[in-house]
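Next come the chains, spelled out residue by residue.
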Amino acid sequence: MDRESTQTQNQSNVGELEIMLPPEYKVKFYNDDYTTMEFVVAVLVSVFKKGRIEAEFLMRTVHEKGSAVVGVYPYDIAFTRAEIATKAARKAGFPLRITVER
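Residues numbered from 1 in each chain as written. Predicted model: local features only at pLDDT ≥ 70, side-chain atom pairs only at ≥ 80, totals over all residues. Heavy atoms only, no water.

Draft legend 1. Structural detail: the packing of helix α2 (residues 37–46) against helix α3 (residues 52–65). At a closest axis distance of 9 Å, the pairing of α2 and α3 adopts a crossing angle of 130 degrees. Relative to α3, the element α2 lies oblique. Crossing geometry of α2 relative to α3 is assigned as right-handed. Contacts from Met 37, Val 40, Val 41, Leu 44 and Val 45 in α2 reach Arg 52, Ala 55, Glu 56, Leu 58, Met 59, Arg 60 and His 63 in α3. (Axes fitted to C-alpha atoms, helices over the stretch in contact; angles between N-to-C directions. Helix = DSSP H or I, 4+ residues; strand = E, 2+ residues; numbered from the N terminus. Parallel < 35°, antiparallel > 145°, perpendicular 65-115°, else oblique. Left-handed = near helix turned anticlockwise from the far one by under 90°. Contact = heavy atoms within 4.5 Å.)

Draft legend 2. Spotlight on the side chain of Lys 50. Along the chain, Lys 50 turns up in the loop between α2 and α3. Engagement of the side chain of Lys 50 in a polar contact is seen with the backbone oxygen of Val 70, the distance being 3.1 Å. Once residues lying within four places of it in the same chain are set aside, the contact partners of Lys 50 are Leu 44, Val 45, Ala 55, Leu 58, Val 70, Gly 71 and Tyr 73. (Polar contact = N/O pair within 3.5 Å; in protein donor to acceptor, adjacent residues only side chain to side chain.)

Draft legend 3. Structural context of α2. Three or more residues of α2 are buried, namely Phe 39, Val 40, Val 41, Val 43 and Leu 44. In this structure, the buried side of α2 is in contact with β1 (24–30), α3, β2 (67–74) and α4 (75–91). (Buried < 20%, exposed > 50% of the residue type's maximum accessible area, 1.4 Å probe, protein only.)

Draft legend 4. Here's a closer look at the packing of aromatic side chains. Counted by the stated rule, this structure contains five aromatic pairs. Judged by centre distance (5.0 Å) and plane angle (45 degrees), the ring pair of Phe 39 and Phe 94 falls under tilted. Here Phe 39 is found in helix α2, whereas its partner Phe 94 is found in the loop between α4 and β3 (97–101), with 55 residues between them in sequence. A ring pair is formed by Tyr 75 and Phe 79, whose centres lie 5.8 Å apart and whose planes are at 20 degrees; its orientation type is stacked. Remark: Phe 79 and Tyr 75 occur in helix α4; sequence separation between them is four residues, near one turn of the helix. Judged by its relative accessible area of 40%, Tyr 75 falls in the partly exposed class. Relative accessible area serves as the criterion here: at 39%, Phe 79 is assigned to the partly exposed category. Here a set of aromatic residues connected by ring pairs shows up, and it is made of Tyr 25, Tyr 75 and Phe 79. Of note, Arg 97 hangs over the ring of Tyr 30, and the distance from its end group to the ring centre comes to 3.9 Å. (Phe/Tyr/Trp six-rings, centres within 6.5 Å; stacked < 30°, edge-to-face > 60°. Lys NZ or Arg CZ within 6 Å of the ring centre and 35° of its normal.)

Any link to function would need more than the numbers given here.
Here it is, written out as C-alpha cells:
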C-alpha cells in the first residue's frame, strides 16, 4: 500500500468516528411550604442562568405541580449547580429540596 492510499484510508476512518456525548442528568426542584417564590426565582436566575421569565415560569410549575425539572446537564454540572443552590437555600434558612436524576 503506498503512502497516498494509506492517507486516504486514514482520512475515511476519521470520518467514521462517533463522538460520544456524556449522559445528561435532570435537576429537579420540589415545592415546600417555606421556601419563598422570590428565592426560587433568584436561584434559577443566578445559579441556573435562566432568564427572569423562564425562572418565574419554572417557579410557578414547581408551586402548582409539586416539582419541575429546572435544567438538564452533564452530571458534574448538574451536581454542582444543585449543590450550590442547596447551600444557598440552607444559608437563607429554606428547606428547598433539589435532586439530580438520570
